[in-house]
Amino acid sequence: EAEWEYACRAGTTTPFYFGETITDELANYNASKSFANEPIGKYRQETTPVGKFSPNAFGLYDMHGNVLECCLDDWHGNYEHAPTDGSPWFGDNNNLDQKQERVVLRGGSWFNSPGNSRSASRELDLKTVKDYIPLNIGFRIVCRVERIL
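Residues numbered from 1 in each chain as written. Predicted model: local features only at pLDDT ≥ 70, side-chain atom pairs only at ≥ 80, totals over all residues. Heavy atoms only, no water.

1. A short note on the pattern of salt bridges
Close approach of charged atoms lets side chains of opposite charge pair.
Point 1. What the rule picks out here adds up to four salt bridges.
Point 2. Between Glu 1 and Arg 106 there is a salt bridge, and its shortest N-O distance comes to 3.0 Å. Taken as a pair, Glu 1 in the segment before α1 (2-9) and Arg 106 in strand β2 (residues 102-106) lie far apart in primary sequence, 105 residues in all.
Point 3. The exposure class of Glu 1 is buried, given its relative accessible area of 10%.
Point 4. Relative accessible area serves as the criterion here: at 0%, Arg 106 is assigned to the buried category.
Point 5. Taken together, the shared-partner salt bridges in this structure form one network comprising Glu 1, Glu 5, Arg 9, Arg 106 and Arg 122. (Salt bridge = Lys/Arg side-chain N within 4 Å of Asp/Glu carboxyl O. Helix = DSSP H or I, 4+ residues; strand = E, 2+ residues; numbered from the N terminus. Buried < 20%, exposed > 50% of the residue type's maximum accessible area, 1.4 Å probe, protein only.)

2. Comments concerning the nonpolar core
Point 1. Trp 4, Ala 7, Cys 8, Tyr 17, Met 63, Cys 71, Trp 75 and Val 104 form the largest nonpolar core, which has eight residues in total.
Point 2. Considering every element that reaches this core, the biggest residue donor is α1, with three residues.
Point 3. Non-local contacts of Val 104, meaning those with residues more than four positions away in its chain, are made with Glu 1, Glu 69, Cys 70, Cys 71, Asp 73, Asp 74, Trp 75 and Glu 123.
Point 4. Counting residues in each nonpolar core, the second largest holds six residues, with Phe 16, Ile 22, Tyr 29 and Ala 31 among its members. (Core = buried A, V, L, I, M, F, W, Y, C linked by side-chain atoms within 4.5 Å. Contact = heavy atoms within 4.5 Å.)

3. Let's talk about unusual backbone geometry
Point 1. One non-glycine residue, Ala 36, adopts positive backbone phi at about 50°.
Point 2. Here Ala 36 is to be found in the loop between α1 and β1 (68-74).
Point 3. Take Ala 36: its relative accessible area is 51%, and that puts it in the exposed class.

4. Digging into the confidence of the model for the chain
Point 1. The predicted model of the chain has a mean per-residue pLDDT of 85, with 81% of residues at 70 or higher.
Point 2. When pLDDT is averaged over each helix and strand of the chain, the minimum, 71, is found for strand β3 (residues 122-129) and the maximum, 93, for α1. (pLDDT = per-residue confidence, 0-100.)

5. Some thoughts on the state of the cysteines
Point 1. This model, assessed by the stated rule, comprises zero disulfides.
Point 2. Of all cysteine sulfurs in the structure, the one in Cys 70 sits closest to Cys 71, which takes part in no disulfide; the separation is 7.6 Å.
Point 3. Overall, the relative accessible area of 9% leaves Cys 71 in the buried class. (Disulfide = S-S within 2.5 Å.)

Here's what the structure looks like:
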């Protein structure tokens, strides 16, 4: 989950990798709602093709909006006792449900309000568990590329 936010921010400290605010020209989200006094925009009501909007400084597209992304880590209410070695954080989800591990959702989607698309926004969907992920939620495949000497 922390790596997702690092990848989304791409070196920035603003709410979005493209700046302080979001508009329908920058990302696909529920633009019938405004953020930071921006005007209401076009609400597309569906996903858009990857590459419609500009990538961040790392070359990653759609980190804000379009499709919520599942992270490998289980949901935890805070970062207390999180691993510091880069390993995924599995556990008891702060006792939300001992039978099913809940997933962390990041990035917002086409149906979310603009605030849910912020780099720091975290969501827990009580219906989403690791053995059932709805069609409106996706994931990003990340692979490590070793440096060739």
